[in-house]
Amino acid sequence: MSAALTLENIRSSLIRQEDTIIFAFIERAQFARNEAVYTPDAIPVPGYNRDGSRYSLLQYVVRETEQLHAKLRRYTSPDEHPFFPDELPPMVLPPILYPPVLAPCSEEININDEVMSCYIEHVIPGITQAVDDYNYGSAAVLDVLCLQALSKRIHYGKFVAEAKFRAKPEQYSALIHARDAAGIMDLLTDKAVEKKVVERVRLKCMTFGQDVLAPGTPSTPSGGGNGGSPKLKVSPEVVARVYEEWVMPLTKEVEVQYLLKRLDHVEGAPAQKAERQSSSASASSKQGVEQKGIHGFVGALFGKSQSQGRQVLLMHWQGCLGGCMASRAS
């Protein structure tokens, strides 16, 4: 798996994930928006947030889906991230031990709260009609598929970041040591590649989103006229904009978070090294005093040996004693 961690191989996976996301959007677009699915208390469900507010139907279906998937060890895979990570049940299958490709910090990074907000606020309004068809269950189930596909694509930024770090370790290490998040973002950003991604997604939507008809069958134009373009199931412009304004920026947010923590576990990271050196010096000083006693400490203070330190202390005590006796005699 480590040998496969190249930008070329990762991009191949991301391209396949585009297909999954687009088809999931197409499936969800066949139903109306159904705002009640996303509104807490609109549909009473037996589940509550930690603040006491009731789950929306979408939150409830996502959580219950994750309960089953977690038992089947879905979230032991490094490219899967739950939306309710603190509420996963025990597994009924033994975990799979994957090779450690990513740094340990990868387990700390989960931005599914942002993924959920993006989906509800930007994706759903763009791919559905603003009406209610009462197909709440069907809509929520398809929402889960969309969310899982988006989450996987966005958190794949960890693998992208690791591959980029291995390609340019010196440049990234310098920025990481300087805690330069903006510099890291500039270094990992490739505008030309991002433009190609947006155009490819737009073209896929135009291709996947139309009905495939038998030869000679007239198509139904989107504009109502015989010369119009075929009717599409989801707007290519909407999906392209979702990628440009949300999917890729959130992916890069994951990349930056990962890279800023990439060296935390490495022996010799600046902050940790300084802390270790300070602790070591303090411990050495304490140990030295404990081992050598007060004589050794005084000797070190005056640049002398332990025996010379004993002589310094003896002369000092004799001087003090002589002064006291002279004062008493007078």
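Cut-offs and rules
Residues numbered from 1 in each chain as written. Predicted model: local features only at pLDDT ≥ 70, side-chain atom pairs only at ≥ 80, totals over all residues. Heavy atoms only, no water. Helix = DSSP H or I, 4+ residues; strand = E, 2+ residues; numbered from the N terminus. Areas by Shrake-Rupley, 256 points an atom, 1.4 Å probe, with all protein chains shown as cover. Axes fitted to C-alpha atoms, helices over the stretch in contact; angles between N-to-C directions. Parallel < 35°, antiparallel > 145°, perpendicular 65-115°, else oblique. Contact = heavy atoms within 4.5 Å. Nonpolar A, V, L, I, M, F, W, Y, C, P; charged D, E, K, R; others polar. Left-handed = near helix turned anticlockwise from the far one by under 90°. Expected span 1.5 Å × (residues − 1). Buried < 20%, exposed > 50% of the residue type's maximum accessible area, 1.4 Å probe, protein only. Salt bridge = Lys/Arg side-chain N within 4 Å of Asp/Glu carboxyl O. Polar contact = N/O pair within 3.5 Å; in protein donor to acceptor, adjacent residues only side chain to side chain. Arc of directions from axis to C-beta.

Before going further, it helps to spend a moment on the overall build of the protein. A count of helical and extended segments in the protein gives eleven helices and zero strands. Secondary structure of the protein in N-to-C order comes out as α-α-α-α-α-α-α-α-α-α-α. With an accessible surface of roughly 18,900 Å², the protein has 56% of that area assigned to carbon and sulfur atoms.

This part is about the packing of helix 4 (residues 136-155) against helix 9 (residues 236-260). Helix-helix packing is characterised by the crossing angle of the two axes and by the distance between the axes. Contact geometry of helix 4 with helix 9 gives a least axis separation of 7 Å together with a crossing angle of 50°. In terms of orientation, helix 4 and helix 9 fall into the oblique class. Counted together, L150, R153, I154 and H155 of helix 4 and Y243, V247, M248, L250, T251 and V254 of helix 9 form the full contact between these two elements. Along the lines of polarity and charge, the residues of the contact of helix 4 with helix 9 split into seven nonpolar, two polar and one charged.

With that out of the way, let us pick up the packing of helix 7 (residues 181-188) against helix 9. Where helix 7 contacts helix 9, the axes come no closer than 10 Å and their chain directions differ by 125°. One element, helix 7, and the other, helix 9, form an angle in the oblique class. Between helix 7 and helix 9 the crossing geometry is right-handed. For the pair helix 7 and helix 9, contact is made by A181, I184, M185 and L188 and by K252, E255, V256, L259 and L260, respectively. Residues of the contact of helix 7 with helix 9, tallied by class, amount to seven nonpolar, no polar and two charged.

A few words now on helix 4. If you check helix 4, its first and last C-alpha atoms are 28 Å apart, about what 20 residues at 1.5 Å a residue would give, namely 28 Å. With 15 of its 20 residues buried, helix 4 lies for the most part within the structure.

What follows is about the environment of G47. Its location among the elements puts G47 in the loop between helix 1 (7-28) and helix 2 (57-71). For the pair G47 and E64, spaced 17 residues apart in the sequence, the C-alpha separation amounts to 9.8 Å. The contacts of G47, once residues within four sequence positions are left out, are R54 and Y55.

Per the stated rule, a full pass over the model turns up 17 salt bridges. In this structure, D143 and R28 form a salt bridge, with 2.9 Å as the shortest nitrogen-oxygen distance. Here the residue D143 occupies a position in helix 4, and R28 occupies one in helix 1, the gap between them amounting to 115 residues. Like R28, D143 is buried. Between E237 and R202 there is a salt bridge, with its nearest N and O atoms 2.9 Å apart. Of this pair, E237 sits in helix 9 while R202 sits in helix 8 (residues 191-208); the two residues are 35 residues apart in sequence, bridging distant segments of the chain.

Another aspect to go through is the environment of A103. The residue A103 is located in the loop between helix 2 and helix 3 (112-127) in this model. For A103, a relative accessible area of 4% gives the class buried. Taking the C-alpha atoms as reference, A103 lies 9.4 Å from L259; in sequence the two are 156 residues apart. Ignoring anything within four residues of it in the chain, the contact list for A103 reads E162, Y258, R262 and H265.

Turning our attention to the environment of C118. Within the secondary structure layout, C118 lies in helix 3. Sequence separation of C118 and V247 is 129 residues, and the distance between their C-alpha atoms is 9.0 Å. Among residues more than four places away in sequence, those in contact with C118 are V123, W246 and L250.

Following the sequence through the fold, T251 ends up in helix 9. Exposure remark for T251: the relative accessible area of 5% places this residue in the buried category. A distance of 2.7 Å separates a polar atom in the side chain of T251 from the backbone oxygen of V247. Setting aside its immediate chain neighbours within four residues, T251 contacts R153, I154 and G157.

Turning to unusual backbone geometry, a few remarks are in order. The residue D41 is not glycine, and still its phi comes out positive at about 75°. Its location among the elements puts D41 in the loop between helix 1 and helix 2. Even without being a glycine, R73 presents a positive backbone phi close to 60°. Relative to the helices and strands, R73 resides in the loop between helix 2 and helix 3. Residue class for R73 comes out partly exposed when judged on its relative accessible area of 24%.

Among all positions in helix 7, only G183, I184 and L188 are buried. Relative to the axis of helix 7, the buried residues are bounded by an arc of 125° and lie together on one face. Along helix 7, the residues that are exposed and aim more than 90 degrees away from the buried face are A182 and D186. Looking at the buried residues of helix 7, the elements they touch are helix 5 (157-167), helix 6 (169-177) and helix 9.

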